[in-house]
Structures are given as structure tokens and as C-alpha cells.
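Structural characterization, general
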Amino acid sequence: MSKFQALDLGLVVRGHGRHYIVEDADGKRFVCHPRGKKSEAVVGDQVRFADSGDEGVIEAVEPRRNLLFRQDEWKTKSFAANLDQLLVLVAVEPVFSESQLTRSLIAAESAGIRMAIALNKTDLPGTDSARERLAPYRAMGLQMFEVALKADPEGSRATLDPWLKDQRTFVLGPSGTGKSTLINLLVEDAKAQIGEISQALNSGRHTTTTTQWYWTDETRTTALIDSPGFQEFGLHQILAAELWRWMPDLREHATCRFANCSHIHEPDCGVRKAVDAGLISAGRYRIYGEILEELQRKTW
Ligand SMILES: Nc1nc2c(ncn2[C@@H]2O[C@H](COP(=O)(O)OP(=O)(O)OP(=O)(O)O)[C@@H](O)[C@H]2O)c(=O)[nH]1
Ligand SMILES: [Mg+2]
Ligand SMILES: [Zn+2]
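Residues numbered from 1 in each chain as written. Chains lettered and ligands numbered in written order. Predicted model: local features only at pLDDT ≥ 70, side-chain atom pairs only at ≥ 80, totals over all residues. Heavy atoms only, no water.

Some thoughts on the coordination of the zinc ion (ligand 3)
Stated formally: Only nitrogen, oxygen and sulfur atoms count as donors, using a 2.8 Å cut-off from the metal that widens to 3.2 Å for Na, K and Ca. Water is left out, so coordination shells may look unfilled. Under the classification used here, a metal with four donors is tetrahedral if each angle lies between 85 and 135 degrees, square planar if opposite donors are over 155 degrees apart and the others between 65 and 115, a six-donor metal meeting that same test is octahedral, and anything else is irregular. Only protein chains enter the calculation, and the probe is 1.4 Å; a residue is then buried if its accessible area is under 20% of its type maximum, exposed if over 50%, and partly exposed in between.
Looking at the metal site, the zinc ion (ligand 3) is ligated by Cys256 (SG), Cys261 (SG), His263 (ND1) and Cys269 (SG), spaced 2.1 to 2.4 Å from it. Bound by 4 donor atoms, the zinc ion (ligand 3) shows angles of 101 to 114° at the metal and therefore tetrahedral coordination geometry. In primary sequence terms, the donor set of the zinc ion (ligand 3) follows C-x4-C-x1-H-x5-C. Pair check on accessibility: cysteine 261 and cysteine 269 agree, each one buried.

Encoded structure:
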């Protein structure tokens with residue numbers, strides 16, 4: 001028996017620098033800090049901790065079922081661990097970057113996490129063009145929702161509730177799409193901060209600054225994890241040669257002459273044929289090329 005097994009088992013519900021909030025099996029929350037210099041725990045982690053009066057100590061992080069993260073040249077940024085699913089929230093405004101959307105889906109796919117896209121603010125003009133930009137994602141079989149979290153809270157709740165029920169869902173998306181609005185709608189006492197979108201820049205303010213776990217119900221079976229918006233989304237954890245495998249529309253057509261086809265310049269490439277035939281969207285294929293180039297530039 002490891003010496004840690006005598007310790008309390010807890011769930012990390014929030015992390016901020018070297019301070020964590022850990023929740024025990026009864027729902028009681030403790031401020032903890034990690035033993036040693038490095039803080040390895042992330043939101044969603046199961047940890048062994050000792051509650052020693054004022055501040056607890058995290059002694060060990062239990063093995064993870066999965067980890068959602070991004071990685072650029074210099075650092076790895078973990079979103080959360082042990083997730084059931086990812087909800088990528090985009091909005092009619094601010095206009096979403098298809099590259100960022102694709103990158104978050106690749107991160108989830110490669111981490112083995114189920115995902116869906118929700119388009120928010122469908123009360124605004126511009127909904128049709130946003131819907132059109134999402135057509136390739138619908139076509140590749142992704143679960144899709146349309147909501148207006150502020151304009152039609154009850155309808156939005158009815159749309160999302162069945163998918164969210166009894167699951168641990170990470171809510172990811174650019175700043176200003178309505179992630180905190182969603183949390184506030186579904187979690188009664190969330191008081192998540194909601195920011196007024198900065199109209200002038202057509203980009204949201206970064207209102208949420210830390211990742212935080214919320215239970216929607218007292219029985220603590222359904223969880224939503226709010227996260228700050230992000231700008232960069234590196235995928236350096238992905239092998240260049242395997243990138244296409246994490247893009248379902250490319251994967252479907254990757255019957256090529258060469259087994260190690262990069263789908264860029266080789267003859268008899270099923271992916272390129274599918275792009276020419278309009279079966280893979282030109283936008284998605286262009287983003288594939290851009291990410292591939294980034295990954296091939298990697299020096300390690
Ligand atoms: N028109 C419209 N605006 C909405 C809707 N839902 C949310 N908003 C607004 O969008 C703005 C941003 O909402 P937030 O929930 O703070 O966005 P966020 O994704 O949490 O943003 P960050 O924390 O910065 O990442 C707020 O002003 C909301 O009132 C909607 O259905 N329609
Ligand atoms: Mg927020
Ligand atoms: Zn190919």
C-alpha cells in the first residue's frame with residue numbers, strides 16, 4: 001500500500017498559480033498547495049491531499065483518464081483532466097477563427113475526448129453566415145447545437161441539457177462567446193463573471209481568468225468547467241505524420257497511393273481528390289496545411 005492511500009482523495013476544482021481548491025467526497029472544499037516546487041495538478045485531477053489545518057497539501061496526483069492541453073514551442077498549457085466531453089462554444093459575434101476551432105477539435109480528438117460545437121448568439125444577424133461556416137463540421141458528423149444563451153435562456157437550456165446531463169464537460173472557446181453566460185444559466189450560484197463584449201475591437205474581453213469546475217446540481221453528477229478565452233492554440237503534441245488522423249473529414253478520404261502520404265503533393269492522394277471534388281472543405285484543407293507546416297518546422 002502506498003503511503004498516499006491513507007490520505008484524502010479529492011477533486012481539483014480550481015487552480016491558480018500554486019494555490020488549488022480541492023473538493024473532498026462530501027463536497028467540502030479546501031485550499032491546498034502542492035508539495036514541492038512544481039504544481040502538476042490541473043482542474044479535474046483526482047489528488048491525494050492532507051488537510052492540515054489552515055492549508056492542505058497535495059501529495060500526489062492520481063493517474064489521469066485523459067488530459068486536454070495545447071502546446072506551443074515553449075510551453076504546455078493544460079486545460080483540464082479526466083473529462084467526458086468538450087463543448088466548443090463559438091458565437092455569431094465575435095466572428096470565430098476557423099483555425100482555432102479546428103485546433104481545439106484536433107486537441108480533443110487526439111486526447112480521446114468526445115466533442116460538440118455550440119453556436120451561440122443566434123439572435124444576432126449574421127447567424128446564417130456563421131451557420132454556413134460551420135457546415136463542414138456538421139457534415140463530418142459532429143454534434144451541433146444552436147443557442148442564444150442570453151436572448152433565449154430557456155430554449156438554450158432545453159437544447160443543451162440532454163447532452164450535458166451526467167457528464168463532465170469542458171467549455172472551451174474564444175473570449176466573448178458566452179462561456180460564462182452558459183455557466184451562469186445552468187449553475188444557479190455560479191456568479192461567473194460576465195463581461196460586456198468590446199464592440200469596438202469585435203473581440204471579447206478576457207473576463208474569466210482561471211479554469212473552474214462547477215457542479216450544476218446538488219447530487220454532483222453533472223459538471224461544467226469554465227475556462228478563459230485563448231488566443232494561440234499550438235498543437236506541438238501532435239506528430240506531423242499523424243495530423244490527418246485527428247481530422248475526421250481528412251481521415252475518411254485518406255486512401256492514398258503512399259501509406260505515408262502527407263496529402264500535400266503526392267500523386268494519387270485521396271484527400272486531395274476529395275478536396276477537388278468538394279467533399280473536404282477548402283478551408284479545412286488549408287488549415288491542415290498550415291498546422292502541418294508548423295509541426296514540420298519543429299526542431300525536436
Ligand atoms: N446577443 C447575445 N449576446 C450574448 C448571448 N449570450 C451571451 N451574450 C453576451 O456575450 C458577452 C460575453 O459573454 P461571456 O459569457 O462573458 O463570454 P465568455 O466566453 O465567458 O468570455 P471570456 O470569459 O472572456 O472568455 C456578454 O456581454 C454576454 O451578455 C446571446 O445569446 N446573444
Ligand atoms: Mg468567461
Ligand atoms: Zn494523401
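Having put the structure on the table, let's press on.
Remarks on the domain arrangement of the protein
The cut-off we apply is this: Domain start and end points were adopted from an automatic or database domain assignment. Two residues qualify as a contact provided that any one of their heavy atoms is within 4.5 Å of a heavy atom in the partner residue. Salt bridge, as applied in this entry: a Lys or Arg side-chain nitrogen positioned within 4 Å of an Asp or Glu carboxyl oxygen. Each polar contact in these results corresponds to two N or O atoms within 3.5 Å; when the atoms are within protein, one needs to be able to donate a hydrogen and the other to accept it, and residues that are neighboring in sequence are counted only if both atoms are side-chain atoms. Basically, the charged four are Asp, Glu, Lys and Arg, the nonpolar ten are Ala, Val, Leu, Ile, Met, Phe, Trp, Tyr, Cys and Pro, and anything else, Gly included, counts as polar.
We note that the domain assignment places domain 1 (3–61), domain 2 (67–226) and domain 3 (240–297) within the protein. Taken together, the contact between domain 1 and domain 2 spans 16 residues of the former and 13 residues of the latter. Between arginine 220 and glutamate 23 there is a salt bridge, with the nearest N and O atoms lying 2.8 Å from each other. In this assembly, domain 1 and domain 2 are joined by 8 residue pairs in polar contact (both at pLDDT 80 or more). Residues that form the side of domain 1 that touches domain 2 fall into these classes: 5 nonpolar, 5 polar and 6 charged.

So, the layout of surface pockets
Let me state the cut-off plainly: Points on a 1 Å grid over protein atoms alone make up a cavity when a 1.4 Å probe fits among them but cannot get out, and a pocket when they form an open set with protein on both sides within 12 Å along at least five of seven lines; lining residues each have an atom within 4 Å of a point. Grid points are joined across faces, edges and corners, and a volume is the space filled by probe spheres set on the points. We count a stretch as a helix when DSSP gives it H or I for four or more residues in a row; a strand needs E for two or more, and each element gets its number in order from the N terminus.
By volume, the second largest pocket amounts to about 420 Å³. When residues of the lining of the second largest pocket are traced back to their parent elements, those giving at least two are β1 (8–16) and β7 (76–81). Of the residues assigned to the lining of the second largest pocket, the class counts are 7 nonpolar, 8 polar and 5 charged. Of the residues that make up the lining of the second largest pocket, three or more belong to each of domain 1 (3–61) and domain 2 (67–226).

Points about unusual backbone geometry
Cis rather than trans, the peptide bond between glutamate 93 and proline 94 has omega equal to -5°. The backbone of aspartate 166 shows a phi angle near 65°, a positive value even though the residue is not glycine. Note on placement: aspartate 166 falls in the loop between α3 (153–164) and β11 (168–172). Note on aspartate 166: relative accessible area 41%, which makes it partly exposed.

Notes on the environment of valine 61
By secondary structure assignment, the location of valine 61 is in strand β5 (residues 56–61). Valine 61 gets classed as partly exposed once you look at its relative accessible area, which sits at 31%. Remark: the alpha-carbon pair of valine 61 and leucine 292, spanning 231 residues in sequence, is separated by 33 Å. Residues within four places of valine 61 in sequence aside, it is in contact with Ala41, Asp45, Gln46 and Val47.

Description of the pairing of strand β2 (residues 19–23)
Note the threshold: Pairing between strands is defined by DSSP: at least two bridges between them are needed.
Examined bridge by bridge, β1 and β2 share 5 bridges and lie antiparallel to one another. Bridge pairing links leucine 11 to glutamate 23 in β2. Hairpin connection from β1 to β2: 2 residues lie between these consecutive antiparallel strands, with glycine 17 at a positive phi of about 60°. Here β2 runs beside strand β3 (residues 29–34); their pairing, made up of 4 bridges, is antiparallel. The residue of β3 that forms the bridge with isoleucine 21 is valine 31.

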